[in-house]
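# Fold and geometry: a report
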Amino acid sequence: MPPGRELEGQRGEPTLKPPFPAVSGYMGKPSNVNNVETFANVPVIITKGAAWFSSIGTEKSKGTKVFALAGQINNVGLIEVPMGITLREIIYEIGGGIKNGRQFKAVQTGGPSGGCLTAKHLDTAIDYDSLVAAGSMMGSGGMVVMDETSCMPAIAKFYLEFTCEESCGKCSPCRIGNKRLCEILEKITDGRGTMEDLQELRNLAAVIKDTALCGLGQTSPNPVLSTLDNFWDEYVEHVVDKKCRAGVCKKLMSYVIDREKCIGCGKCAKGCPVEAISRTDYTAPGHKLASMVIDSTKCIKCGACINNCKFGAISIQ
Amino acid sequence: MINLTIDNKPIQVPEGTTILKAARMNGIDIPTLCHFELDGMNFENKPGGCRVCVVEVKGRRNLAPACATDVMEGMEVLTHSARVINARKTVVELILSDHPNDCLQCEKNGDCELQSLTKRLGIKEIPFKGETSTYRKDSTLSVYRDMDKCVMCRRCETMCNKFMTAGALSGVNRGFQAVVAPAFEQNLGDSSCVNCGQCVQVCPVGALTLVDDIAKVMNAIADPTKKVVVQTAPAVRVALGEEFGMKPGEIVTGKMAAALRRLGFDQVYDTDWSADLTIMEEGTELLGRLKKALAGEPVKLPMFTSCCPAWVTFYEKNFPDLLEYPSTAKSPQGMFGAVAKNYLAPKLGVKREDLVVVSIMPCLAKKSERAREELAVNGDSDVNYTLSTRELAHMIRQCNLDLNDMPEEDFDSPLGQSTGAAVIFGATGGVMEAALRTAYEVHTGKTLPKIDFMETRGFDGVKEATIDFDGFPLKIAVVYSLGNARKMMEQVRQGNPNGYHFIEVMACPGGCIGGAGQPYHHGNSDIIRKRMEAIYREDAGKPIRKSHENPEILAIYKEYYGEPCGHLSHEQLHTHYFDKSDKLEATK
Amino acid sequence: MANIKLSEDKVNIIKEIAKSFGNRAGEVINVLHQVQGKFGYLPAEVQEVVAHELNIPVSRVYGIVSFYSFFTMEPKGEHPIDVCLGTACYVRGAEKVLDAFARELNVQIGKCTADGKFSLNTLRCVGACGLAPVAMIGEKVYGRLTPDQVPAIIAEYK
């Protein structure tokens, strides 16, 4: 969104550039638009000198960078690190590794305009250029760590939903194109996708990047393209095998009660918001009560029953 | 000058030229959708939103919108690389994926820019399926809105806000839900819309169309108990030919009269006749006000013309404090209706309810003006139906006629004869010039040394002049676009610092010739220019060129009205205006 | 055009706010911000008065109100609930928390409960990613939420 539109009392729609804000911004006057972080660097550069600041970081990306470290990681919060640090150092040293001893799967940097990096990028020195080369970006400075419980097509859809909400609607590639991207991703995560859809995703994403009016649209396909590049197998699983390995895509999974493990306490049925669980007439050997069963046509896959079962009798398949 | 190559062809264009213009100047027609410009008429819509005109610029990361990217020295532009064609097609496919495919029944079938773009790009199927936008259909008496078809080009919004300053339409919502609508997506008729219809004229698709009244007219013609007469406005005759493949600016007055007769109208009359009548009334009113002013009596000056119904609604909604400034003279359409129902009906031996008056107008606002309650007697409107130039063309084709084949015929008498002063009503400055020709001679008692007032002609949005009325410096102004009219009204609120006596206002670009009911010009301002040339050609060719010399006009005053601005003409030929502004009424 | 009907008190509040911004058209967003702060939402009549006071078309005001997600034409509940759907919250299960609120209150997202006590909305990051998943009720932030905590939280406000 261009600076100044809100200040001028307008809808926040991008204007054509040039002219850039530095030439003509708020009220047509030269305007300086930067992130708070950039401005925050100014005093320390003034007091300690440019040479000191430049001594930190890499050849092309000087100084430090603040990241918002979040996600499935033990230590979350804002971190300030020198440019050139590796993802491994951030995730395993500062972040203290993945929560609950799970496996690292991906790290999303740069916010909805950025991309997802994988284990193969763990030792890449992070700076502006290397992130772009890896298919992501510095962007917002967000750094969200994901483990195997995250589904990458679902993550791409999550970001596209955000972009669709934030699209101003001025240019057709962003207004309609992102909507269509999101719909294709929904098809895939619902188990209705085809291999042609994956092809269409790529072409449409590339055209949106190439034709959108502003930075939002030009970068909105990044989560799609980077997950297609780095997690192609997971897309294919959704499309061909109709499986979500992370157990996230509700339409691709069902909740099942193991009748041998079920002691028939009925706690799952009490907690079920849609009354999808009932008692069978089968009592497993060693148990006093008949086991429970889930009617998959009623189940909304909310997960309440799993949380309520103390005997590990309910699983997702 | 800037040197660049477009599709490997070296070209040279002035600095500040866009790639789009540079290409068009060199025979390369890059397709566009949202871009719309009326060259020299102060209208430009360039949001850079549709992305249809994207081109490849060497060294640039992404594709560039040709409409909004200026040329640079050494630039290398490709307008039809595989990357460009794929992107352009995909963008149009996306637009089509959120557009109803009812082209066959669409009002814009054959006139739709999205349709021709689809054809040009060879799009045979739409790969994208998904949610489509649906909105409530809405209509005024002039404009029909089907926003399911909106492509968000924003032309209507720019027209409504920048050119007209009517402020009825705005981009609302955002993302996929974004659309152009009145506040709260209320009915257009409940908004500040003035029914100028220019949103319809500039809409590239069928989202904004006219309200089609052809069937009603056909039914009236078929009704044996009715006598159906028709009047045709000045600007229609210089544009109707375009609908039949004639060159813009072809004058088809005689052929049009012949076609109207063959369509079954009982009498074919001319709004030009009542334009002459308007000059008699309005000119007399002006001279009356000037006389009072010279005598030091309180009087409202400047006087504004009141022929343009969009303008009338505009001041009723926006300047309720200044309603005494515009002339009280009805528009030529209104005057014709009043004369037809009061004077003509008895002459033809029919009751007023059995005389159906149809008008052919270059305008969509006339459809709303026609229905004004004060222009009716006991619920019977003076003008029963108003068709636009485009509807007349449809009707002619529907009735198996071709305007090209028509003989030249005259209008019927007594409401058919007109002067050159009447035909120029169709162009900006024309009403002023016509009024000056008459007012000068009536006021001074002398013959005009030069009949052509070049000061009032041309496409400048605001023209000013001081006319020597035999020693009296008459200060006049001529404006088109309601934005320019608004500035004039604001001057009046500030006490008329420029001392104007008479101001002509027309809402549409170039006046009625650029009206919303005219054949679509698709932003080709040359078409409007050609129509204007034709208007002045028609004027120059007329044996009589001053309204007060029209024998039929002189006759009706002698026989019926007595004198201009007399008792009977006040009753029939003048009107009054209403405060239609928003009121802030606090409740307890 | 419609006549605007609003109580004198409310009209005066809007007039006062518009005046404090010099009745300048460019301040429309600031004016709407403050007016919404007073009334909780921006119904059509309120927008009409704002347009009138700033001398701009009401279509422009509505264009702005319908554009920015901050502005609302729907009254909010006595206790507005906002569940964060930022990335950090999303990967830590914010959707399940949101579902739990919707289920517990029997209310659709974006709507208000029948008794007007609660309204449920989502937002994109409250800047407390370290506490993910996060929800806000009024000004109070609830962090590290799980769906089973939701009934107890709602009970605090009943």
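Residues numbered from 1 in each chain as written. Chains lettered and ligands numbered in written order. Predicted model: local features only at pLDDT ≥ 70, side-chain atom pairs only at ≥ 80, totals over all residues.

### Focus: the overall build of chain B
- Helix and strand content of chain B: 18 helices and 23 strands.
- Rg of the C-alpha trace for chain B: 25 Å, near the compact-globule value of 25 Å for 588 residues, within the 12% margin.
- Across the 588 residues of chain B, 55% fall into the buried class.
- A sequence separation of at least 24 residues applies to 74% of the contacts in chain B between residues at least 6 apart. (Helix = DSSP H or I, 4+ residues; strand = E, 2+ residues; numbered from the N terminus. Rg over C-alpha atoms; globule rule 2.2 N^0.38 Å. Buried ≥ 20, exposed ≤ 12 C-beta atoms within 10 Å, placed from the backbone. Contact = placed C-beta atoms within 7 Å.)

### Concerning the overall build of chain A
- For chain A, the count of helices and strands is 12 helices and 9 strands.
- Among the 317 residues that make up chain A, the fraction classed as buried is 42%.
- Taking the intrachain contacts of chain A between residues at least 6 apart in sequence as the baseline, contacts between residues at least 24 apart amount to 62%.

### Brief notes about the interface of chain B and chain A
- Counting from both sides, the interface comprises 27 residues of chain B and, opposite them, 26 residues of chain A.
- The dominant element in the side of chain B that touches chain A, judged by the number of residues it contributes, is helix H2 (residues 82-97) of chain B, at 7 residues.

### What to know about helix H7 (residues 253-263) of chain B
Residues and elements named next belong to chain B.
- Taken across its 11 residues, H7 has 8 buried, putting it largely inside the fold.
- Taken as a whole, H7 has its buried residues at Thr253, Lys255, Met256, Ala257, Ala258, Ala259, Leu260 and Leu263.
- Among the residues trailing H7, Gly264 stands out with phi positive, at a value near 110°.

### A look at the sheet that holds strand E6 (residues 64-65) of chain B
All names here are of chain B.
- An order of E2-E1-E7-E5-E6 is seen for the 5 strands of this open sheet, with the pairing classed as mixed. Among the strands making up the open sheet, the edge pair consists of strand E2 (9-13) and E6.
- Both strand E1 (residues 2-6) and strand E7 (residues 75-78) contribute to a ladder of 3 bridges, which runs parallel. Its bridge partner being in E7, Leu4 is matched across the sheet by Met75.
- Against the sheet, H2 makes contact with strand E5 (54-57) and E7, and its axis sits at roughly 155° relative to E5, the strand it touches most. (Pairing = 2+ DSSP bridges. Axes fitted to C-alpha atoms, helices over the stretch in contact; angles between N-to-C directions.)

### Notes on the sheet that holds strand E5 (residues 142-147) of chain A
Residues and elements named next belong to chain A.
- Spatially, E2-E1-E5-E3-E4 is the arrangement adopted by the 5 strands of the open sheet, whose pairing is mixed. Each end of this open sheet is capped by a strand with a single partner; those strands are strand E2 (77-82) and strand E4 (115-117). When strand polarity is set aside, the average angle formed by the axes of neighbouring strands in this sheet is 30°.
- Across 3 bridges, strand E3 (residues 104-109) lies against E4 in antiparallel orientation. Paired with Gln108 across the strands is Cys116, a residue of E4.

### Let's talk about the domain arrangement of chain B
Residues and elements named next belong to chain B.
- The domains assigned to chain B are domain 1 (2-120) and domain 2 (214-573).
- If you average the C-alpha positions of domain 1 and of domain 2, the two centres end up 39 Å apart.
- In this assembly, 10 residues from domain 1 lie in contact with 9 residues from domain 2. (Domains from an automatic or database assignment.)

### Overview of the packing of helix H1 (residues 8-20) of chain C against helix H2 (residues 28-39) of chain C
All names here are of chain C.
- As a packed pair, H1 and H2 sit with axes 9 Å apart at the nearest point and diverge in direction by 145°. Judged by the sense of rotation from one axis to the other, the crossing of H1 with H2 is right-handed. Touching Ile13, Ile14, Ile17 and Ala18 of H1 are Val31, Gln34, Val35 and Lys38, all from H2.
- The class makeup of the residues in the contact of H1 with H2 is 6 nonpolar, 1 polar and 1 charged. (Left-handed = near helix turned anticlockwise from the far one by under 90°. Nonpolar A, V, L, I, M, F, W, Y, C, P; charged D, E, K, R; others polar.)

### Considering the environment of Arg545 of chain B
All names here are of chain B.
- For Arg545, the location among the structural elements is in the loop between helix H16 (525-540) and helix H17 (551-561).
- On a C-alpha basis, the gap between Arg545 and Glu242 in space is 26 Å, while along the polypeptide they are 303 residues apart.
- The contact partners of Arg545, leaving out residues within four places of it in the chain, are Thr419, Gly420, Ala421, Ile451 and Asp539.

### Examining unusual backbone geometry
- Here Lys17 of chain A and Pro18 of chain A are connected by a cis peptide whose omega angle stands at -5°.
- The phi torsion at Asn173 of chain B lies on the positive side, around 60°, for a residue other than glycine.
- Asn173 of chain B gets classed as partly exposed once you count the C-beta atoms within 10 Å, which come to 18.
- Residues other than glycine seldom take positive phi values, yet Asn55 of chain C does so here, at roughly 55°.
- As for its position among the elements, Asn55 of chain C is in the loop between helix H3 (44-54) and helix H4 (58-65).

### Some remarks on the pairing of E2 of chain A
- Here strand E1 (residues 64-71) of chain A runs beside E2 of chain A; their pairing, made up of 6 bridges, is antiparallel. Looking at the pairing, Ala68 of chain A lines up with Leu78 of chain A of E2 of chain A.

### Section: the domain arrangement of chain A
Residue and element names in this part refer to chain A.
- Under the domain assignment used here, chain A contains domain 1 (54-147), domain 2 (164-241) and domain 3 (254-316).
- For domain 1 versus domain 2, the distance between C-alpha centres works out to 24 Å.
- Contacts between the two partners involve 8 residues from domain 1 and, on the opposite side, 9 residues from domain 2.
- Along the lines of polarity and charge, the residues of the side of domain 1 that touches domain 2 split into 2 nonpolar, 6 polar and no charged.

### Side note on the environment of Cys168 of chain A
- Note on placement: Cys168 of chain A falls in the loop between helix H5 (152-166) and helix H6 (172-189).
- Among the residues examined, Cys168 of chain A registers 24 C-beta atoms within 10 Å and is labelled buried.
- Along the primary structure Cys168 of chain A and Gly12 of chain A are separated by 156 residues, whereas in three dimensions their C-alpha atoms are 7.2 Å apart.
- With residues up to four places along the chain from it excluded, the contact list for Cys168 of chain A reads Gly12, Glu13 and Pro14 of chain A together with Arg174 of chain B.

### Here we look at the packing of helix H8 (residues 271-294) of chain B against helix H14 (residues 430-444) of chain B
All names here are of chain B.
- Following both chains from N to C, one finds H8 and H14 inclined at 55°, their axes separated by 9 Å at the closest point. The pairing of H8 with H14 is recorded here as oblique in orientation. The crossing of H8 and H14 is right-handed. Residues Ile279, Met280, Glu282, Gly283, Leu286 and Leu287 of H8 touch H14, and the partners they reach there are Ala434, Ala435, Thr438, Ala439, Val442 and His443.
- For the contact of H8 with H14, the class distribution of residues is 8 nonpolar, 3 polar and 1 charged. (Parallel < 35°, antiparallel > 145°, perpendicular 65-115°, else oblique.)

### Examining the nonpolar core
- Grouped together as the largest cluster of nonpolar side chains are 288 residues, with contacts concentrated most on Cys199, Trp311 and Ala507 of chain B together with Val50 of chain C.
- If you tally residues by element for this core, the top one is H5 of chain A, at 9 residues.
- Excluding residues within four positions of it along the chain, Trp311 of chain B makes contact with Leu482, Ala485, Val505 and Ala507 of chain B.
- Judged by nonpolar contacts, the second largest core, of 14 residues, contains Ile277, Cys302, Ala304 and Cys305 of chain A. (Core = buried A, V, L, I, M, F, W, Y, C linked by C-beta atoms within 7 Å.)

### Structural notes on the pairing of E1 of chain A
Residue and element names in this part refer to chain A.
- With 6 of its 8 residues buried, E1 lies for the most part within the structure.
- From the end of E1 to the start of E2, which pair antiparallel, there are 5 residues.
- Note that E1 and E5 share 4 bridges and pair parallel. Across the sheet, the residue bridging to Gly71 is Val145, located in E5.

### What to know about the confidence of the model for chain B
- On average, residues of chain B score 97 in pLDDT, and 100% of them are at 70 or above.
- Both scores are available for the predicted complex, with the pTM at 0.93 and the ipTM at 0.94. (pLDDT = per-residue confidence, 0-100.)

### Examining helix H10 (residues 332-348) of chain B
Residues and elements named next belong to chain B.
- With 17 residues, H10 should cover 24 Å at 1.5 Å per step; its first-to-last C-alpha distance of 21 Å lies more than 12% under that length.
- Helix geometry: H10 is bent most strongly at Ala340, by close to 40°.
- Every buried residue of H10 is accounted for by Pro332, Gln333, Gly334, Met335, Phe336, Gly337, Ala338, Val339, Ala340, Lys341 and Leu344.
- Contacts from the buried residues of H10 go to strand E13 (227-232), H8, strand E16 (355-361), helix H11 (365-370), strand E17 (376-377) and helix H18 (567-573).
- Gly349 occupies a position one or two residues after H10 and carries a positive phi of about 75°. (Expected span 1.5 Å × (residues − 1). Bend = angle between axes of the 7 residues up to and from the residue.)

### Focus on the environment of Ser116 of chain B
- When you line up the elements, Ser116 of chain B lands in helix H3 (residues 113-120).
- A sequence separation of 83 residues divides Ser116 of chain B from Leu33 of chain B, and the C-alpha atoms of the two residues are 10 Å apart.

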